[in-house]
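Residue-level listing of the chains:
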Amino acid sequence: MAINVTLFRALRTQRSTIALSRFISTLILTEHDGSFVKSSSVSAIVAAKSLGEDNSISMLLAGSGPSLEEAAADAAKCHPSVSQVLVADSDKFKYHLAEPWAKLVELVQRRGGYSHIIAASSSFGKNILPRAAALLDASPITDVVEILGSHQFVRPIYAGNALSTVRYSGDQPCMLTIRSTSFLVSTESRLGTAAISQVDLSTIDEEIVGKSRYVGCSSQDAERPDLGNARIVITGGRGLKSAENFKMIEKLAEKLGAAVGATRAAVDAGFVPNELQVGQTGKIVAPELYMAFGVSGAIQHLAGIRDSKVIVAVNKDADAPIFQVADYGLVGDLFDVVPELIEKLPEKQLAV
């Protein structure tokens, strides 16, 4: 009898696995700026494609007014793998607050029964997905850099010094945040023709604002490339000594058409705002060229730049850890090097 029971359980598990692999459906929590879908959310679609060939991918957008309609139209054509765009149009979602968004994700999941829910590992995704996971009684897997199967993933641990392979064994949905720098968007994007449909919000509780409220939003100079997606990133560290000196980095970035980044030490010292922080507790970047001036190379910072194609470091300390990961290094005083670069570089911005 024990053998028969064990065999039955094994067969049931095998059938469940086969069923999961055949019926994969993914909901993408989509971030937008009021007109266009953020590239990090398109990377989430690329990640979803790795879950299975027959994956049905839906994008969920929330907001209010005409700007949401523009974002939905952009989402419908952002990738050919998207089959449906779900739109939640309400003043409750005017701002990306975790409480109303989490309730929305719970509502859509109850109705759609998706096998996977994915968000980019950005401030948007990190804010919403954990709360939504709690409402759905699921354990999220964060910072996924590779997808090996529908329930097997690779994520960094120990500040990126090791990679861990994890298998999700819980109930549906399997909820993930992915590092957008690990799932590059190919040229086949922008060719989609997904259907757009409205989410019925009649059953959502009116009192979903919770204990948080929107106060305001501050963003970097619109003319400067976005730090998370720029081809070139120029970063300054504590070695710049003051906010006034940090303007040298900004001027050099203007010459190269680059985004400006900063270490946590520079941010904590008040040189630049928090939104420019690069590293494990800031933004993860993977530009074609990453230039670091006065950056010692703390392990938390290196975790955020490891995927950069070429790393150039300038530091007067020859033993600085940044030189261990740099492709090119110059031991010298940044107060001599940066002005010379600014002087000799032509007044021509590179395409970003």
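1. Notes on helix 3 (residues 66-76)
- Those residues of helix 3 that sit buried are Leu-68, Ala-71, Ala-72, Asp-74, Ala-75 and Ala-76.
- Here the buried face of helix 3 lies against strand 2 (56-63), strand 3 (82-89) and strand 10 (195-198).

2. A few points about the packing of aromatic side chains
- In this structure the tally under the stated criterion is 2 aromatic pairs.
- Both rings, one in Tyr-95 and one in Tyr-214, keep their centres 3.6 Å apart while their planes meet at 0°; by these two values the pair is stacked. Pair noted here: Tyr-95 is in the loop between strand 3 and helix 4 (98-112) and Tyr-214 is in the loop between strand 10 and strand 11 (232-236), with a separation of 119 residues, a long-range link.
- Classification of Tyr-95 by relative accessible area gives partly exposed; the value is 32%.
- With 5.3 Å between their ring centres and 90° between their planes, Trp-101 and Phe-124 make a pair best called edge-to-face. You can see Trp-101 sitting in helix 4 and its partner Phe-124 sitting in helix 5 (residues 123-135), a full 23 residues away along the chain.
- Under the relative-accessibility criterion, Trp-101 is labelled buried at 0%.
- Look at Phe-124 and you get buried, because its relative accessible area is 7%.

3. What to know about the confidence of the model for the chain
- Counting all residues, the mean pLDDT for the chain is 87, and 88% of those residues have values of 70 or more.
- Within the model, pLDDT remains below 50 along residues 1-21, and this stretch shows 2 contacts once partners closer than five positions in the same chain are excluded.

4. Comments concerning the sheet that holds strand 13 (residues 289-293)
- Strand order across the open sheet formed by 5 strands is 12-11-13-14-15, with parallel pairing between neighbours. Only two strands of the sheet have a single partner each, and these edge strands are strand 12 (259-262) and strand 15 (328-331). Geometrically, the sheet is characterised by an average inter-axis angle of 15° between neighbouring strands, direction not taken into account.
- Inspection of the sheet shows strand 11 paired to strand 12 by 4 bridges, in the parallel sense. What sits directly across from Thr-235, in strand 12, is Gly-261.
- With respect to the sheet, helix 6 (residues 243-256) is in contact with strand 11, strand 12 and strand 13, its orientation differing from that of strand 11 by roughly 170°.

5. A closer look at the packing of helix 6 against helix 9 (residues 334-344)
- At a minimum axis separation of 10 Å, helix 6 and helix 9 run at an interaxial angle of 30°. Considering their axes alone, helix 6 and helix 9 lie roughly parallel with respect to each other. For the pair helix 6 and helix 9, the sense of crossing is left-handed. Counting all contacts with helix 6, which are made through Asn-245, Met-248, Lys-251, Leu-252 and Lys-255, the residues of helix 9 involved are Leu-334, Phe-335, Val-338, Pro-339, Leu-341 and Ile-342.
- Grouping the constituent residues of the contact of helix 6 with helix 9 by class yields 8 nonpolar, 1 polar and 2 charged.

About the thresholds
Residues numbered from 1 in each chain as written. Predicted model: local features only at pLDDT ≥ 70, side-chain atom pairs only at ≥ 80, totals over all residues. Heavy atoms only, no water. Buried < 20%, exposed > 50% of the residue type's maximum accessible area, 1.4 Å probe, protein only. Helix = DSSP H or I, 4+ residues; strand = E, 2+ residues; numbered from the N terminus. Contact = heavy atoms within 4.5 Å. Phe/Tyr/Trp six-rings, centres within 6.5 Å; stacked < 30°, edge-to-face > 60°. pLDDT = per-residue confidence, 0-100. Pairing = 2+ DSSP bridges. Axes fitted to C-alpha atoms, helices over the stretch in contact; angles between N-to-C directions. Parallel < 35°, antiparallel > 145°, perpendicular 65-115°, else oblique. Left-handed = near helix turned anticlockwise from the far one by under 90°. Nonpolar A, V, L, I, M, F, W, Y, C, P; charged D, E, K, R; others polar.

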